[in-house]
Each structure stands twice: as C-alpha cells, then as structure tokens.
Amino acid sequence: MEKLKNDLFLRACLRKPVERTPVWMMRQAGRYLPEYRAVRAKADFLTMCKTPELAAEVTIQPIDLIGTDAAIIFSDILVIPEAMGMTLEMHEGKGPIFPSPIRDENAAKNLKLITPEEDLGYVLDAIKLTKKELDGRVPLIGFSGAPWTLLTYMVEGRGSKNFAEVKKLIYNNPNLAHDLLKKISDAVAEYLNAQIDAGANAVQIFDTWGGILTPRDFRKFSLDYISDIVGKIKRPDIPVIVFAKGVHYKIENIAKTGCDVLGLDWTMSLKKVRKEVGDHCALQGNLDPTTLYADHEEIRKRVKQVLKSYGKGSGHIFNLGHGILPDVPPANAKAMVEFVKEESVKYHIQDID
Ligand code: CP3
C-alpha cells in the first residue's frame, strides 16, 4: 500500500477518524490562478490536457499555492466524447463546442467504443506523472462526467439554457437516448477503472446537469447509469464520489448507488442530508462558490456555518458547492482553506483516542 503523508481526504471519504476536516475545491486547477494562466498563455486548453508535463504542473499548483488536501487531475469531462470520435473545439469565451452534435441514429452509429489505454492514454500518463511528482504529499482524484451530463453536451453541441435538443431526444426517441447512455456508461466505467490502475486514489463522477430533469427522468436517464458505473468500479479503498447538481429531491437515492461520498451543492443543508444518509455516505461540500468574493471575515463566518452544519465527527470533506469561479482572488481561496484547517479541529477532538 502506498504511504501518503496526508491522507485526511481518503480517511474522511471512508468515514474514518481525522484530526481536522480535509478541504479541496472543484476546478481548483484553473484560471483564477495567475500561475495557471501563465502556462495557459503558452498552450491551448486541449494541448495542456494532452501534454502530461503541463497537466501535472497545473494539477499540483493548488497544492503548493492554496494548500488543499487533495489534487484533482487536470483534464476535462469532454475528453470521453472526443475519444469516442466527436470533434471537440474549445472556443475562447464560449467554452467547449461539438460542431457536429449527435441528433440521430446515423450520427450515433459512428461513435466508437473506447480503449482507455489507447484513446485516453494521455490522461493515464498525466496521472502517473502527477503521482510521481506529488511524491505522496496528498491523494490524487480522478474523474469523469456522468453519462447524462456527457449526453447533454454531445446532443446540444455546446452549453445550453433550456436543453431543448437533449429533451427532444428523451421524449421523442428514448430508445436512442438509452442506447447512447449505455454506450457512454461502458466508456466511463472503463475509463475510471483505468484511472485507478494508473494511480488515482479516489474518483469523482460529475453530473452537472442532473438537475435539469424531473425526478422521474433523473432516475431513468441519469441515476440508473451512475449506479451501474459505481457497481463496476474496482474496490475497496478507492472512494467513489458522486456530485450531482440541483437534485436535492433524489439525494437519498444517490446514496443508495453504493458511492462512498455524496457531493452537495450549496442549496442543501449538510445537517439535514447527514440525518438522512449519514450511515451510508460521507458528505462533500458545500460553500456557495460566490462566498469567495466576500472579505475574509465573512468567508470565515460562512466556513464556520458549513462546518457547524455537518457537526462533530468524521465523514465531511469541505468543498465549494460547485467549481471555483475564474475571477476569484486566489488570496480568498487560500484564506478559506486556512479557515477550514483552523476551525474544524474542534469537531474532531473526540475522534483522536
Ligand atoms: O477540478 C479541476 O481543477 C480539474 C479540472 C477540470 C476542468 N473541467 C478543467 C477546465 C474538471 C474537473 C472539469 C470538469 C468539467 N468540465 C465539468 C463538470 C464540472 C463542472 O464545473 O460543472 C464540465 C461541465 C466541463 C465542461 C467544460 N469545460 C466547460 C463548460 C468549460 C468552459 C467553461 C469554463 O469554465 O471555462 C470547460 C473548459 C475548462 N475545463 C477550463 C478548465 C480549467 C477552462 C479552460 C481554459 O483554461 O480556457
């Protein structure tokens, strides 16, 4: 077994005792850091993803600069559709675009099954190199998009307001939607297992767009596929985190997928969710990301509120309720991390003996 110098994150995921609450931030390797922008000035986003040396460098930046207790591999959820054969373009200011979205059987037929080692080998190489460079300082998290969130991008072709195209697909051609979701799920399961084999210490599934579905459709078109994937992930000792945004109505069902950690957005109460699912899962979250625009006193106050809401004992991983925003001052992110480290000790005193 690998010896980590700081394994607070992994212990909290498995609800084992910790001395203080671990903390990391979704999208922590990103544009709010001038050091990230300096690397990004020399290479476009996809080149960074596909160059293990650059991916490893920006993955480790927030560990050095912000002091988080886990690293998350620098990549993107959209590398899977690209590996399946779709053309992916990253447009400055507009975000990712698939110029030929999938709208019918014909387009779907062209999607290929992936072999992670061949089609996404650059991510696996980035994981191996990052692990080497981290030298056991903190655990490394691998990740994937959930099948539903990947399908929304593959069908819409870009970010969307109403998600009209993917909704048309599930209402008018549910069989095709399910065929696609099944194909994507197989790719996600293989990809996450390959990341674990390459050295990832935990994996997170991002269902950013779960919340655009009705509760019933969320179960049918998202949750069933997430459950299937969680069941296929190699265990034990590798925590699986499911972060689905805007799905408070299904949080108990997500806990039943067998995942170790539930990621919560800031609209939910940690206290209430802990009461409902605390015997099954650890909880990750859930400071409103815009809190980092406030002054340090206000940030400390709100960090304390989140810690208090979870309460005493292990099983809480502090995080934002969604990704860090690109115009947040890095000093505020750093202050938040320091406040979590200081203020959380008193919630764990009874765990030490
Ligand atoms: O968390 C991390 O630091 C690891 C890296 C990471 C990125 N994207 C880097 C990135 C992770 C985990 C993601 C996940 C991701 N990507 C999600 C799910 C999480 C979420 O935030 O909801 C989604 C929906 C995407 C798709 C995506 N990628 C969008 C919508 C965009 C454009 C919007 C934006 O934030 O710019 C991207 C680009 C992207 N992915 C950037 C980064 C650092 C910015 C690219 C740049 O440097 O220009």
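Bear in mind the structure is a predicted one, so any value in this text is a computation, not a measurement.

Asker: How should the site of the ligand be read in this particular structure?
Answerer: Within the structure, the ligand sits among 21 residues, and Arg27, Arg31, Tyr36, Asp76 and His322 are positioned closest to it. Within the side chain of Arg27, one N or O atom sits 2.7 Å away from an oxygen atom of the ligand. In isolation the ligand offers 860 Å² of accessible surface; the protein chains occlude 87% of this area. Contributions of two or more residues to the shell around the ligand are made by helix 2 (34-40) and strand 3 (95-97). Its residues assigned to classes, the shell around the ligand comprises 12 nonpolar, 5 polar and 4 charged.

Asker: Any chance you could explain the side chain of Arg20 here in plain terms?
Answerer: Its location among the elements puts Arg20 in the loop between helix 1 (8-13) and helix 2. Since its relative accessible area comes to 16%, Arg20 is described here as buried. Polar side-chain contacts of Arg20 include one of 2.9 Å to the side chain of Asp69. Apart from the residues within four sequence positions on either side, Arg20 is in contact with Asn6, Leu8, Asp69, Lys341, Ser344, Val345 and His348.

Asker: Can you walk me through helix 16 (residues 330-343) in this structure?
Answerer: Along an α-helix, residues three or four positions apart point the same way, because every turn accommodates 3.6 residues. Relative to the 20 Å expected for 14 residues at 1.5 Å per residue, helix 16 spans 20 Å between its end C-alpha atoms, a close match to the ideal helical length. Turning to helix 16, its buried residues number three or more, namely Asn332, Ala333, Ala335, Met336, Val337, Phe339, Val340 and Glu343.

Asker: I tried to follow the pairing of strand 6 (residues 240-244) on my own but got confused; where do I start?
Answerer: For a regular strand, side-chain orientation follows a simple rule: the groups alternate between the two sheet faces. With 5 of 5 residues buried, strand 6 lies mostly within the body of the structure. Residues Val240, Val242 and Ala244 line one face of strand 6 and the alternating positions Ile241 and Phe243 line the opposite face, and both faces are buried. Bridge analysis of strand 5 (residues 202-207) against strand 6 gives 5 bridges, and the strand direction is parallel. Of the residues in strand 6, the one forming a bridge with Val203 is Val240. As a crossover connection, the stretch from strand 5 through helix 12 (residues 215-232) into strand 6 is right-handed. With 3 bridges joining them, strand 6 and strand 7 (residues 261-263) adopt parallel strand pairing. Within the sheet, the bridge partner assigned to Ile241 lies in strand 7 and is Val261.

Asker: What am I meant to see in the packing of helix 14 (residues 270-277) against helix 15 (residues 296-310) here?
Answerer: Packed helices, taken two at a time, are described by the angle their axes make and the gap between the axes. With their axes 7 Å apart at the nearest point, helix 14 and helix 15 run at an angle of 20° to one another. Taken as axis vectors, helix 14 and helix 15 run roughly parallel relative to one another. The way helix 14 lies across helix 15 gives a crossing that is right-handed. Between helix 14 and helix 15, the contacting residues are Leu270, Lys271 and Arg274 on the first element and Val306, Ser309 and Tyr310 on the second.

Asker: Would you take a moment to explain the packing of helix 9 (residues 147-156) against helix 11 (residues 174-198) for this structure?
Answerer: Between helix 9 and helix 11, the least distance of the axes is 9 Å, while the angle of their chain directions is 120°. What the angle tells us is that helix 9 and helix 11 run oblique. In this structure, helix 9 meets helix 11 at a crossing whose hand is right-handed. Where helix 9 approaches helix 11, its residues Pro147, Trp148, Leu150, Leu151 and Met154 are matched on the opposing element by Ala177, Leu180, Leu181, Ile184, Ser185 and Val188.

Asker: Help me understand the nonpolar core, please; the structure alone is not making it clear to me.
Answerer: One broad rule of soluble globular proteins: the nonpolar side chains tend to lie buried together. Phe9, Leu262 and Met336 are the most contacted members of the largest nonpolar core, which has 132 residues in total. At 13 residues, the largest contribution of residues to this core is made by helix 11.

Asker: Even after reading the chapter, I still don't get the pattern of salt bridges, so can you show me in this structure?
Answerer: When the charged atoms of two side chains with opposite charge come close together, those side chains can pair. If you walk through the whole model with that rule in mind, you get 21 salt bridges. With a shortest N-O distance of 3.1 Å, Glu19 and Arg11 are connected by a salt bridge. Take Glu19: its relative accessible area is 41%, and that puts it in the partly exposed class. Notably, a salt bridge pairs Glu82 with Lys50, separated by 2.9 Å at the nearest N-O pair. Here Lys50 lies in helix 3 (residues 45-50) and Glu82 lies in helix 5 (residues 79-83), a separation of 32 residues in the sequence.

Conventions and cut-offs
Within any chain, residue numbers begin from 1 and follow the written order of that chain's sequence. Reporting of local features is limited, given that this is a predicted model, to residues whose pLDDT is at least 70; pairs of side-chain atoms are given and counted only at 80 or more, and all residues count toward the totals for whole chains, interfaces and linings. The basis for the side-chain values is all heavy atoms of the structure; hydrogens and waters are excluded. Only a single heavy atom is needed: when it lies within 4 Å of a molecule or strand, its residue is near that molecule or strand. Polar contacts, as used here, are pairs of N or O atoms within 3.5 Å; protein pairs need one atom able to donate a hydrogen and one able to accept it. Residues neighboring in sequence count only if both atoms are side-chain atoms. Residue-level accessible areas treat just the shown protein chains as cover; the underlying method is Shrake-Rupley with a 1.4 Å probe. Per the convention used, a helix needs a DSSP run of H or I reaching at least four residues, while a strand needs a run of E reaching at least two, with both numbered from the N terminus. Here the nonpolar group is Ala, Val, Leu, Ile, Met, Phe, Trp, Tyr, Cys and Pro; Asp, Glu, Lys and Arg are the charged ones; every other residue, Gly included, is treated as polar. Summary of the burial criterion: residues with accessible area below 20% of their type's maximum are buried, those above 50% are exposed, and those between are partly exposed, where the area comes from a 1.4 Å probe applied to protein chains only. Residue contacts follow a heavy-atom distance rule, with two residues in contact if any of their heavy atoms lie within 4.5 Å. In a helix, the anticipated span is given by 1.5 Å times the number of residues less one. By the convention used here, strands pair only if DSSP detects at least 2 bridges between them. The definition of a right-handed crossover adopted here requires that, viewed with the strands pointing away, the path from the first strand over the helix to the second runs clockwise. The convention used is that axes are lines fitted to C-alpha atoms, helices contributing only their stretch in contact, and that angles between N-to-C directions extend from 0 to 180 degrees. Here the angle decides the label: under 35 degrees means roughly parallel, over 145 means roughly antiparallel, 65 to 115 means roughly perpendicular, and every other value means oblique. By convention, the crossing between two helices is left-handed when the near helix turns anticlockwise from the far helix through less than a right angle, and right-handed when the turn is clockwise. Definition of nonpolar core: a set of buried residues of the types Ala, Val, Leu, Ile, Met, Phe, Trp, Tyr and Cys, connected through side-chain atoms within 4.5 Å. Basic side-chain nitrogens of Lys or Arg form a salt bridge, by our definition, when they fall within 4 Å of a carboxyl oxygen of Asp or Glu.

These results come straight from atomic positions and should not be treated as a statement about function.
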